[in-house]
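# Structural features, examined
Below are the chains, spelled out letter by letter.
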Amino acid sequence: MTSAFDAYRTSYDAVVQDSIAFSGLEHGFFLDAKADLLADVFGRHFGTSRPSLLDVGCGVGLLHRRLAGIVSGMAGTDPSPESVARAESENPGNRYRLQEGGTLPFEDRAFDATLAVCVFHHVPVAERSGLLADMRRVTRPGGLVAIIEHNPWNPLTRLAVSRCPFDHDAVLLGARETRALLAERGLRDIRSRYFLAFPFRRGWVPGVEKAIGRMPLGAQFLACGTV
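Residues numbered from 1 in each chain as written. Predicted model: local features only at pLDDT ≥ 70, side-chain atom pairs only at ≥ 80, totals over all residues. Heavy atoms only, no water.

## Here's the deal with the UniProt feature "domain: Methyltransferase type" (unreviewed entry) in the protein
Following the UniProt record, one finds the feature "domain: Methyltransferase type" (unreviewed entry) at residues 54-147. In residues 54-147, the share of helix is 29% and the share of strand is 31%. The end C-alpha atoms are 12 Å apart. (UniProt positions renumbered as here; feature names shortened; annotations may be inferred. Helix = DSSP H or I, 4+ residues; strand = E, 2+ residues; numbered from the N terminus.)

## Focus on a nonpolar patch on the surface
Taken together, the side chains of Phe 22, Leu 156 and Leu 159 present a nonpolar region at the surface, about 260 Å² in accessible area. Mapping Phe 22 onto the fold places it in the loop between helix 2 (12-19) and helix 3 (27-46). Its relative accessible area of 36% is what places Phe 22 among the partly exposed residues. (Patch = residues over 30% accessible without salt bridge, like charges linked within 9 Å, V, L, I, M, F, W, Y side chains within 5 Å. Areas by Shrake-Rupley, 256 points an atom, 1.4 Å probe, with all protein chains shown as cover. Salt bridge = Lys/Arg side-chain N within 4 Å of Asp/Glu carboxyl O. Buried < 20%, exposed > 50% of the residue type's maximum accessible area, 1.4 Å probe, protein only.)

## Here we look at the pattern of salt bridges
With the rule as written, the count across this model stands at 12 salt bridges. Across the salt bridge formed by Arg 201 and Asp 36, the nearest N and O atoms sit 3.7 Å from each other. Placement of the pair is Arg 201 in the loop between strand 6 (188-195) and helix 9 (205-211) and Asp 36 in helix 3, with a sequence separation of 165 residues. Overlapping salt bridges, with partners in common, bring together Asp 40, Arg 44, Arg 193 and Lys 210 in one network.

## Examining the nonpolar core
If you look at the biggest cluster of nonpolar residues, it comprises 33 residues, and the most contacted ones within it are Leu 38, Phe 42, Leu 53, Leu 63, Leu 67 and Leu 115. For this core, the secondary-structure elements that each account for two or more residues are helix 3, strand 4 (111-117), strand 5 (139-150) and strand 7 (220-226). With 10 residues, the single largest contributor to this core is helix 3. Listed in part, the 26 residues of the second largest apolar core include Ala 75, Ala 110, Leu 132 and Leu 181. (Core = buried A, V, L, I, M, F, W, Y, C linked by side-chain atoms within 4.5 Å.)

## Quick notes on the environment of Pro 81
Counting through the fold element by element, Pro 81 comes out in helix 5 (residues 81-90). You can call Pro 81 partly exposed: its relative accessible area is 38%. In this structure the C-alpha to C-alpha distance between Pro 81 and Asp 6, which are 75 residues apart in sequence, comes to 6.7 Å.

## Thoughts on the environment of Leu 217
Counting through the fold element by element, Leu 217 comes out in the loop between helix 9 and strand 7. Under the relative-accessibility criterion, Leu 217 is labelled partly exposed at 45%. The sequence separation of Leu 217 and Leu 172 amounts to 45 residues, and the corresponding C-alpha distance is 16 Å. Sequence-distant contacts of Leu 217, that is, excluding residues within four places in its chain, are made with Asn 151, Asn 154, Tyr 194, Ala 197 and Ile 212. (Contact = heavy atoms within 4.5 Å.)

## A closer look at helix 2
Among the residues making up helix 2, those that are buried are Val 15, Val 16 and Ser 19. Each buried residue of helix 2 sits inside an arc of 95° when the element is viewed along its axis, so together they form one side. Against the buried residues of helix 2 lie helix 3 and helix 7 (155-163). (Arc of directions from axis to C-beta.)

## Structural notes on the packing of helix 6 (residues 125-137) against helix 8 (residues 175-184)
Two quantities define a packed helix pair, namely the angle between the helix axes and the distance between the axes. Their axes nearest at 9 Å, the elements helix 6 and helix 8 cross at an angle of 55°. It follows from the interaxial angle that helix 6 and helix 8 lie oblique. Of the two elements, helix 6 crosses helix 8, and the hand of that crossing is right-handed. Counting all contacts with helix 6, which are made through Arg 128, Ser 129 and Leu 132, the residues of helix 8 involved are Glu 177, Leu 181, Leu 182 and Glu 184. Split by residue class, the contact of helix 6 with helix 8 holds three nonpolar, one polar and three charged. (Axes fitted to C-alpha atoms, helices over the stretch in contact; angles between N-to-C directions. Parallel < 35°, antiparallel > 145°, perpendicular 65-115°, else oblique. Left-handed = near helix turned anticlockwise from the far one by under 90°. Nonpolar A, V, L, I, M, F, W, Y, C, P; charged D, E, K, R; others polar.)

Written out as structure tokens, the structure is:
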């Protein structure tokens, strides 16, 4: 997987855009939706305090500029050296480290929140619990561990995944399975929410998506738990 993502250092954006071209939407639409949802989730959990955040499997860091206003500090790690190099060059104020081996390259309780965005579907099923345990390890007590993943019940999501060349190894996991992983690793107050149910971001959309968030309608979902 590492060498595959290395090959997409400069073309990652275009490849993702090509995989979702049938939707008529820009990749930035999906990134904005993630950032808006995380702002809401972090605001509810941390209040007015802005958390320090580790993005696990950060790739080229496309989401990070959108999160700058809702976190106090940002770090990222990824097993792809080329991806980390691009993330560093485009986000010089953040900390990035190459992930080598199965352990996250950060000390215990280093962050208020840890996040993995569309990462777990690349992780072999037998290794998912171990990665989540390490995310919990680097998160402070009272902090938040969050996972964003594709919704396997959404046919358009499955189409996009099938069209994306670096998703050839994808084994999608659902919200229920993700909540079970969080519970297995001792997280508390576990919850999940589907989002991206509408192909636009009008003013009423966030409220409606929140109201129907338990229904598997959106293209993706967020699941999280408290350490």
